[in-house]
Number of protein chains: 2
Amino acid sequence: MSRLFRVPARVISALCVVSILYSTATAQSAPQKVFGYRDFTEQAKLDTAFMAVPDAKLAGTHLKELTKAPHWASSPEDYATAEYVAAKFKAAGLETEIVPYRVYLNKPKKIVLEARDADGKVVMTGPTKEHVDPSKDGGDLFQDDLRVLPAFNGSSPSGDITGEVVYANYGTLADFKTLRDMGVDLKGKIALVRYGQNFRGVKVYIAQKLGMAGVLIYSDPADDGYVRGDMYPKGPYRPESGVQRGSVQFIAKYTGDPMTPGVASTMSLPESKRLAPDKLTEDNPSIPSNPISYHDALPILQRLGGPASPRNWQGGLPFTYHLGSTATAGTSPAVKVHMHLEQDYAIRTIWDVIGKIRGTEDPDAWVVAGNHRDAWVYGAVDPNSGTAAMLETVHGLGELIKQGWKPKRTIVIGSWDAEEEGLVGSTEWTEEHAEELSHAVAYFNTDVGVSGPHFNAEAVPSLKQFVREVTQQVPSPSGGTVYDAWKHDQQTNEDNRARTRATAQGVAGGEVRIGNLGSGSDYTPFFQHVGVPATDFGSGGNYGVYHSVFDNYNWFIKFADPTFVYEQQQARVLGLEILHMADADVLPYDYRLYGQEVVSYINGVAKDATAAGIILDTTALLKAAERFRNAGEAVYARQNDLPTGSTGAFNASLRKAEEMLLNPVGLPERAWFKHTIYAPGEFTGYAAVVIPGITEALDGGLGKPNATLAQDQAQILTDALNRSALVLEAITR
Amino acid sequence: MSRLFRVPARVISALCVVSILYSTATAQSAPQKVFGYRDFTEQAKLDTAFMAVPDAKLAGTHLKELTKAPHWASSPEDYATAEYVAAKFKAAGLETEIVPYRVYLNKPKKIVLEARDADGKVVMTGPTKEHVDPSKDGGDLFQDDLRVLPAFNGSSPSGDITGEVVYANYGTLADFKTLRDMGVDLKGKIALVRYGQNFRGVKVYIAQKLGMAGVLIYSDPADDGYVRGDMYPKGPYRPESGVQRGSVQFIAKYTGDPMTPGVASTMSLPESKRLAPDKLTEDNPSIPSNPISYHDALPILQRLGGPASPRNWQGGLPFTYHLGSTATAGTSPAVKVHMHLEQDYAIRTIWDVIGKIRGTEDPDAWVVAGNHRDAWVYGAVDPNSGTAAMLETVHGLGELIKQGWKPKRTIVIGSWDAEEEGLVGSTEWTEEHAEELSHAVAYFNTDVGVSGPHFNAEAVPSLKQFVREVTQQVPSPSGGTVYDAWKHDQQTNEDNRARTRATAQGVAGGEVRIGNLGSGSDYTPFFQHVGVPATDFGSGGNYGVYHSVFDNYNWFIKFADPTFVYEQQQARVLGLEILHMADADVLPYDYRLYGQEVVSYINGVAKDATAAGIILDTTALLKAAERFRNAGEAVYARQNDLPTGSTGAFNASLRKAEEMLLNPVGLPERAWFKHTIYAPGEFTGYAAVVIPGITEALDGGLGKPNATLAQDQAQILTDALNRSALVLEAITR
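These figures come from a predicted structure and were not determined experimentally.

Participant: Can you walk me through the pattern of salt bridges in this structure?
Facilitator: Opposite charge on two side chains allows them to pair when their charged atoms are near. Applying the stated criterion across every chain yields a total of 53 salt bridges over all chains. Two residues, B:Lys402 and B:Glu399, come together in a salt bridge whose shortest N-O distance is 3.4 Å. Linking B:Lys402 with B:Glu399, this pair stays in helix H8 (residues 384-402), spanning 3 residues, or about one helical turn. Put simply, B:Arg592 and B:Asp590 hold a salt bridge, and the shortest N to O gap is 3.9 Å. The exposure class of B:Asp590 is buried, given its relative accessible area of 2%. Overlapping salt bridges bring together A:Arg102, A:Asp257, A:Glu271 and A:Arg274 as one network.

Participant: What am I meant to see in the packing of aromatic side chains here?
Facilitator: Ring pairs (aromatic) are described by centroid distance and by the angle formed between their planes. Residues and elements named next belong to chain B. Within this structure, the stated rule accounts for 74 aromatic pairs over all chains. Arranged with centres 5.8 Å apart and planes meeting at 50°, the rings of Tyr 205 and Phe 683 form a pair that is tilted. Linking Tyr 205 in helix H5 (residues 200-209) with Phe 683 in the loop between strand E15 (678-680) and strand E16 (688-690), this pair joins segments that are 478 residues apart in sequence. Neither residue differs from the other here; Tyr 205 and Phe 683 are each classed as buried. The aromatic ring of Tyr 636 is capped on one face by Arg 592, whose charged end is 3.9 Å from the ring centroid. Of note, Arg 670 hangs over the ring of Phe 673, and the distance from its end group to the ring centre comes to 5.6 Å.

Participant: Before we go on, may I ask you to explain the side chain of A:Asp352 in this structure?
Facilitator: All names here are of chain A. Among the structural elements, Asp 352 can be located in strand E9 (residues 336-357). One buried charge, Asp 352, has no salt-bridge partner; the nearest side chain with opposite charge is Arg 373, at 5.7 Å. There is a polar contact of 2.9 Å between the side chain of Asp 352 and the backbone nitrogen of Asp 417. Apart from the residues within four sequence positions on either side, Asp 352 is in contact with Glu 97, Ile 98, Val 99, Tyr 101, Arg 373, Ser 415, Trp 416, Asp 417, Gly 425, Ser 426 and Trp 429.

Participant: Just to check I follow, could you spell out empty space enclosed by the protein for this structure?
Facilitator: Residues and elements named next belong to chain B. One pass over the full model with this rule turns up 11 cavities of 30 Å³ or more. In this structure, the largest cavity encloses a volume near 80 Å³. Taken together, 13 residues line the largest cavity, and the ones lying closest to its centre are Leu 667, Thr 676, Gly 693, Gln 713 and Ile 716. Breaking the lining of the largest cavity down by element, the ones donating at least two residues are helix H20 (692-699) and helix H21 (707-732). Partitioned by chemical class, the residues of the lining of the largest cavity number 6 nonpolar, 6 polar and 1 charged. The space that makes up the second largest cavity amounts to roughly 60 Å³. Every residue along the wall of the second largest cavity is listed here: Phe 199, Gly 201, Val 202, Tyr 205, Gln 249, Phe 250, Ile 251, Ala 252, Lys 253 and Glu 682. Split into classes, the residues belonging to the lining of the second largest cavity amount to 6 nonpolar, 2 polar and 2 charged.

Participant: Can you walk me through the pairing of strand E14 (residues 534-540) of chain B in this structure?
Facilitator: Looking down a regular strand, the side chains alternate between one sheet face and the other. Residue and element names in this part refer to chain B. Among the 7 residues that make up E14, 7 are buried, leaving the element largely enclosed by the rest of the structure. Alternating residues of E14 divide into Ala 534, Asp 536, Gly 538 and Gly 540 and Thr 535, Phe 537 and Ser 539, and every residue in both groups is buried. Bridge count for strand E12 (residues 442-450) against E14 is 5 bridges, and the pairing is parallel. Residue pairing for E14: Phe 444 is matched across the bridge by Thr 535. Sheet analysis places strand E13 (residues 454-459) next to E14, joined by 6 bridges and oriented antiparallel.

Participant: Sorry, what's going on with the packing of helix H3 (residues 76-91) of chain A against helix H8 (residues 380-402) of chain A here?
Facilitator: Relative placement of two packed helices is described by the angle separating their axes and the distance separating the axes. Residues and elements named next belong to chain A. One can describe the packing of H3 onto H8 by two numbers: an axis separation of 9 Å at closest approach and a directional angle of 20°. Classified by the interaxial angle, the pair formed by H3 and H8 is roughly parallel. Seen along the crossing, H3 lies across H8 with a hand that is left-handed. Residues Tyr 84, Val 85, Lys 88 and Phe 89 of H3 form the contact with H8, whose participating residues are Thr 387, Met 390, Leu 391 and Val 394. Considering only residue class, the contact of H3 with H8 consists of 6 nonpolar, 1 polar and 1 charged.

Participant: Explain helix H11 (residues 464-471) of chain B here, please?
Facilitator: Since the α-helix advances by 3.6 residues per turn, residues separated by three or four positions end up pointing in the same direction. All names here are of chain B. Of all 8 residues in H11, 7 are buried, a share of seventy percent or more. Residues of H11 that are buried: Lys 464, Gln 465, Phe 466, Val 467, Arg 468, Val 470 and Thr 471. Contacts from the buried residues of H11 go to E12, E13, helix H12 (482-492), E14, helix H16 (565-583) and helix H17 (591-611).

Participant: Quick question: what am I supposed to make of helix H5 (residues 200-209) of chain A here?
Facilitator: All names here are of chain A. Judged by how many residues are buried, H5 sits mostly within the fold: 9 of 10 residues are covered. Among all positions of H5, only Arg 200, Gly 201, Val 202, Lys 203, Val 204, Tyr 205, Ile 206, Ala 207 and Gln 208 are buried. Close packing links the buried residues of H5 with strand E3 (153-154), helix H4 (173-181), strand E5 (190-194), strand E6 (214-218), strand E7 (246-247) and strand E8 (289-292).

About the thresholds
- Residues numbered from 1 in each chain as written.
- Chains lettered and ligands numbered in written order.
- Predicted model: local features only at pLDDT ≥ 70, side-chain atom pairs only at ≥ 80, totals over all residues.
- Heavy atoms only, no water.
- Salt bridge = Lys/Arg side-chain N within 4 Å of Asp/Glu carboxyl O.
- Helix = DSSP H or I, 4+ residues; strand = E, 2+ residues; numbered from the N terminus.
- Buried < 20%, exposed > 50% of the residue type's maximum accessible area, 1.4 Å probe, protein only.
- Phe/Tyr/Trp six-rings, centres within 6.5 Å; stacked < 30°, edge-to-face > 60°.
- Lys NZ or Arg CZ within 6 Å of the ring centre and 35° of its normal.
- Lys, Arg positive; Asp, Glu negative; His and termini not counted.
- Polar contact = N/O pair within 3.5 Å; in protein donor to acceptor, adjacent residues only side chain to side chain.
- Contact = heavy atoms within 4.5 Å.
- 1 Å grid on protein atoms, 1.4 Å probe; cavity = no way out; pocket = protein on both sides within 12 Å on 5 of 7 lines; lining within 4 Å.
- Points joined across faces, edges and corners; volume = space filled by probe spheres on them.
- Nonpolar A, V, L, I, M, F, W, Y, C, P; charged D, E, K, R; others polar.
- Pairing = 2+ DSSP bridges.
- Axes fitted to C-alpha atoms, helices over the stretch in contact; angles between N-to-C directions.
- Parallel < 35°, antiparallel > 145°, perpendicular 65-115°, else oblique.
- Left-handed = near helix turned anticlockwise from the far one by under 90°.

Below is the structure:
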């Protein structure tokens, strides 16, 4: 799955010769003072020893092996990758186990799509197989494998429906509201929406709430096709037949096995503890949906009648986009689509791979790092570029173990399965280990590890500075450190900057901006369900083949990282995150910045409420946030001037302060999400909503703002902040 | 020709019902105090009498008659329109004459275009005839007239060339510099450029300077085709085969008959006074060029090799735009185009129609208003929507004459010919009457009179307030006054606002912004060659068929102004401009605002020079500008508090102050342009460059900034401002 760290097209002269300095494996001169350490000298030596190990070529070998066959979750090929990863973990000296779960997954048995014009003439029969001309630009040797599943949506029900088509742009809340405001009748119709701007499950979620019959989601060439640049195999962008598969699970409600919200789907979990298929609630898709290529969308879109769409809904296909019939279904001529989806739903076995290195001083404080392993097809970028990097991280840790090193805290490495279906492997494992994870000190995620050279990260505010420091130690293949290259990207790339600005707040002037954690990858159960402080990072590029058959080794070595030097970089970044979090004297959580951000969020909603004429009393809330911030400042000073002696209790309290930000009751209408400060937006899916209880009550979604609910949520947040502040204050008292 | 007042696509719900209030013909309540009048009472009555006359239906009749046949300048059909206009002038009581000139014009004899791919296979044979499906959306009954000339460029030489194609985006200075900076070899190649952002002649001008062999200019669907909205005849935008004809004369050098710069091409002018065709300088196109449709551009563009173009060069066609071969011609496989143009160049007769109403008090002070009459094909919008409105203005003046009214100053109405070829009719007439025009008090232009409901104007700063006052008296068909609707447009239309902001400066907060006069229509000879204060206005819309066969009566009544109420509005605006300028007690020139704008221009270039590290001493210049502004303020106060008695000498001085801003030597490298404050940009053509002598010396064009030249030009401008200030100071002394 993964939220795409997409770096929009930049104006790069293909003629200008870029001289790339391949940095050597030596660490940059280690900083004198590093947050969390009394003295960084010994850690700096360890870092240097570690950094020398991750190997670009070996990462390439891992990637090639992991992606040699389609390995959809629960398939035999998926199990083979689990064995490969487990073997590497063991070889490095990790206590390793393959952990199976039994989860409810759909696999397409039959996908038939047919479109008829207003006269009833068939104008499209699909889906068209993903295919590029084998004789041009090197072709593609992966596309014809018989194990490639037809493109489908995870979590879509079966269905055999016919409906009139309405074009709904990106299918965002704003788009559907526009249609509603225009008086377009949506009931019983099929939405044709394009990918982008929100999580695909949200498109279906809104369509379902509005009484639509089904959804087709296509990839518009304006978004990841020829408008952005040359199409695969000539260039990195999505070709005409390319389809973005993906889950439409309502991940803003809960993630993981749809049958077991909040409960681990262990092999021994009795059927009675699972929701029967007919007992799945409205928190799951009940209308059929399927992804399609622009090849298959074009004949539909081109024939839509009705008014021209708003001009900013126009995509890259060569005609004016119309809305389709705006009248009640059946009352005027309209393009109709017949969707016949037969999904083979079954409880299937998936396999996480878990490797551990026991800590010597505080073994119950886990440092967890993970990446998923399952792919919609080959998954060269998503996820196995991350897996390959992670295996080289493990390689490095293994070398340190051989040299006699042992971490203070326990390191746990997870290779998750069935992430694509809805973060299933990580969610079930998290649910199984919720108790142990309540004192895990961090979860470090990497998913689409490498699709190009542009580093990007998101994190809980308490770890933003941590990520900056780590990246300042790792060399970038483009020269300087990862941090330097990242900062340069943010300064020079308008689009990238705009994107980051949208998600990052409260960051001082000169530093790189780090976004907030939304959802779409495996950090969600750790961070938003059980409260483990988390980071997520990747190295992005012109990744136009996301979730298609073309996200394969051939694409990767042509367009992402031909010499695997960014793989090596990512292995190092992940490794230093793990090493520092496992061995720091005091946990490097920055509650000062956390407090500043929370204060700014509250000022933000207060302003929004006033602007909207909603009465919201934020006096107590703001006071609690300021208290939390002040406590964070005091703790930050203490962290920088550590008293001698054990830091065990100090660290436990630091971790406890994050736990206090959870609300055991969960968010309104989505009890699985416990974090009071961050959640995926109900109507965005990928993107984070801050202080979600208040924000979404004020926003109102498809309905009206709810001032009472907002006030209630403000009280819950006030309590959480006061609880957390109390814990922090106790440290410095 | 005309600069397009194009209002970019707005997000308008086709479902929302817009209730349009058709205002009655009565004037809005007349303002108490109007600039230029001691007492407005009598004028208000006259205005009311005038406003009742212009008739929407009659304007429609004029338009239908004027556009019933293609009437390219010098054609028999063009002469028929001259006779129609002359008859209307006479009927209204104007002293009327048809004034012929003999000018050098080209007419296409043979236009053959052929493209071959890198393997030598023919992939396009053109040009394709402009044509839409007659069976769909009402078809088009005008497209098959045998008198329609094939699409061509006025002023293109004949040529029979073959060259490799390079895509150069809009062909702006910045675009060609980008190619040069990328090391793309341009010598001997053919530029494929798209319409937009500058005057088409500038595209050819730069290509010629860079040693290219020829230019093809096409209309990209992103700019006026399906990306903007539905194509004709379904919608107002340019269809697949639609071509924008047009002159590529280097109008920033000089306008009018290319053989007689600065001299009138009267019937009696001996051949010896005309430049022989082989004596035309580099101020004229020497490389062949031709406009094409996207239908004909597509097969070329789609096959271009080389690197992908910068991503903001991508247009609306369904593939990634590439640059073409970047190597020296002939050294690598490339798409080639063969252009075979046979132009029938000849000295041809054109016909201006001139109508006069003698002034009673100051007959030598001419108030000139004009519009061109010739069209590339039918010219429903460009220019005859302006002609139709102007005839209804004349109708109104005629009624006043019948009622016994006579103007104080002489009114001259011009119906210009061969504007499309390079403002030829107006330029030759201006050159013939340069002496009389040196004390003409205004030139009011209208060209693309009506293509929709969005009023727009440009003016010399001294007449900006005048335009605002006039539009405050005329009702808008959309309710309120023209001024109100115009202001509302500027406040609500982002694109419109951005466009206006780019050209307007020094305007106070709440008022509508009025741009500066560049070029592209008939005000240029009046204002920039002989110094007559001028305005230009139009009423714009979704005008996607500019200079094509589809700019015809059918398009007009479907998409521009079905009931001709905007025609009526424009007739009234033009009429009030004329009446007020002819009868005001004191000329309503606002030198206060003029001075403020000039000061701001000088501060602007001083800042730019500093930023570019160029030493430019603006001390004396700024002092002169401030003197000019201060004198303007004093004069403005006097105009508002007129002493009793004759204003003859006062008015003569007011007019003289504008004349003093001319430099008889003209601008560097383009002596025909005499105005020191405004000129069309050498590299923009349509758009105005302010204080052009300094601005363009600092800019450097294709070369380097020239600080010495800038300083010389600053001295010239200093002298002009001091001269003008001296005249103004004398009034109030």
